[in-house]
Amino acid sequence: MYIMWLSRIKGINSSKLDSLMEYFGSAEAVYRASGRELQDVVSERSATEIVRASSDGSLEKYVWELERADAAFISKYNENFPEGLKNIDDIPKGIYYRGRLPQRESRLVSMVGSRCCTSYGKQAALYLAGELAENGVEIVSGMAAGIDSHSHEGALKHNGITHAVFGTAIDRCYPADNRELMESILERDGCVISEYGPSETTYASDFVRRNRIIAGLSEALVVVEAERKSGTFSTLEAALKYGRSVFAVPGSILSKYSEGTNLLIKEGCPPVTEADDILNELGINNKKTVKSKRADMPERLEGVSENGRSIIKCLEREPMDFESLAAATGIQESRLRAELTLLEIRKLVEKLPGQRYILVL
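Residues numbered from 1 in each chain as written. Predicted model: local features only at pLDDT ≥ 70, side-chain atom pairs only at ≥ 80, totals over all residues. Heavy atoms only, no water.

Peer 1: I would appreciate a short explanation of the side chain of T168 in the present structure.
Peer 2: Mapped onto the elements, T168 comes out in the loop between β5 (162–165) and α9 (179–187). Among the polar contacts listed, one links the side chain of T168 to the backbone oxygen of R172, at a separation of 2.8 Å. If sequence neighbours within four positions are ignored, T168 has contacts with Y174, S194, Y196, T202 and F207. (Helix = DSSP H or I, 4+ residues; strand = E, 2+ residues; numbered from the N terminus. Polar contact = N/O pair within 3.5 Å; in protein donor to acceptor, adjacent residues only side chain to side chain. Contact = heavy atoms within 4.5 Å.)

Now the structure itself:
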């Protein structure tokens, strides 16, 4: 708690924190030091800030806020600090978290991409995260709208563990619509992480800073979908800097949301077309043989009519428009519309613009 307090004092960066800890031996000793003693290590201005903070009740306030948020703090000096963050540039002074931190033996893969993703990007994120989760890989992402959220969801749907890194204070879920997703992550042995304590003010630039944590936590990074100019590339740059494996999901040459990923592949980034591409890089044998890129859904197909199963069989190959489905299945149009509606209600099929349909994993 003393390190948490010290790390939040204005002007105390990671380097000053290291110097103070080395000189005084503990953050509690810093808390109890006089201004004159502190000036042996830091400037007069910093010493004044520390002395003021040691008597203004901020330590007690921070501890109370942490308890109220049901959160915890772990410093970079703690042996249980996440392994992936111990040797990165600009290592966090500490992180706030809720839930269960990744364990030392955890295998972690980060998945990121566009907030304004396409249905193809959504399906790719759900599929890859689900397959990785079924093979014991834990998914890391930023819980933003779009690819981030679908990556978390894909892991959860396959009973996997996933972790979210906030760009906001630990007690502020952003976007607010993802609160239910956040609770699901916590219920399934995952965690949410932030560099920023409860009620701490954050800025737009902090979302970029958090990307180095997403990259640092994992052994590999998968860019699912990204425009040519995308904030996703700050995560990519960090991953390359830290020596992490990087993959890109190929996309349509006609979609602006795949321009960034297709460019990465063109420049030499390995494409990922199935989970095995990532698992092989990590030295993990796939626990099951996948006959198609669609998840096996026997339980979800219970009660689905023969017509419904025919529709699903067609959509396993590719998204199709209404007319093509009618021709491929031979189902009368009014019956086909009714079957598609039932499949949408059961969330087995999703309707796209232009009366096109896609199978939901």
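Peer 1: Sorry if this is basic, but what is going on with the sheet that holds strand β10 (residues 349–352) here?
Peer 2: Paired through their backbone hydrogen bonds, the strands of a sheet run either parallel or antiparallel. Taken in spatial order, the three strands make up an open sheet running β9-β11-β10, and their pairing is antiparallel. Each edge of the sheet is formed by a strand with only one pairing partner; in this case those strands are β9 (320–321) and β10. When β10 meets strand β11 (residues 356–359), the two strands line up antiparallel, connected through four bridges. Bridge pairing in β11 links L352 to R356. Each of β10 and β11 touches helix α7 (residues 119–134); the most contacted strand, β10, lies at about 155° to it. (Pairing = 2+ DSSP bridges. Axes fitted to C-alpha atoms, helices over the stretch in contact; angles between N-to-C directions.)

Peer 1: Honestly, the packing of α7 against helix α8 (residues 147–157) in this entry has me stumped. Any pointers?
Peer 2: Any two packed helices are characterised by the angle at which their axes cross and by the distance between the axes. Their axes nearest at 7 Å, the elements α7 and α8 cross at an angle of 40°. The angle between the axes of α7 and α8 places the two elements in the oblique class. Handedness of the α7/α8 crossing: right-handed. Here G121, K122, A125, L126, A129, G130 and A133 of α7 come into contact with α8, specifically with I147, H150, S151, E153, G154, A155 and K157. (Parallel < 35°, antiparallel > 145°, perpendicular 65-115°, else oblique. Left-handed = near helix turned anticlockwise from the far one by under 90°.)

Peer 1: Help me out: how do you make sense of the side chain of E339 in this one?
Peer 2: Looking at the secondary structure, you find E339 in helix α16 (residues 333–345). At 3.0 Å, the side chain of E339 forms a polar contact with the side chain of S305. Beyond its immediate sequence surroundings of up to four residues, E339 is in contact with S305, N307, G308 and I311.

Peer 1: What am I meant to see in the pairing of β11 here?
Peer 2: In summary, the side chains of a regular strand alternate between the two faces of the sheet. Looking at chain direction, β9 and β11 are connected through two bridges and run antiparallel. Looking at β11, one finds that D321 is bridged to R356. Where β10 folds back on β11, the antiparallel hairpin that results is connected by three residues, among which G354 adopts a positive phi of roughly 80°.

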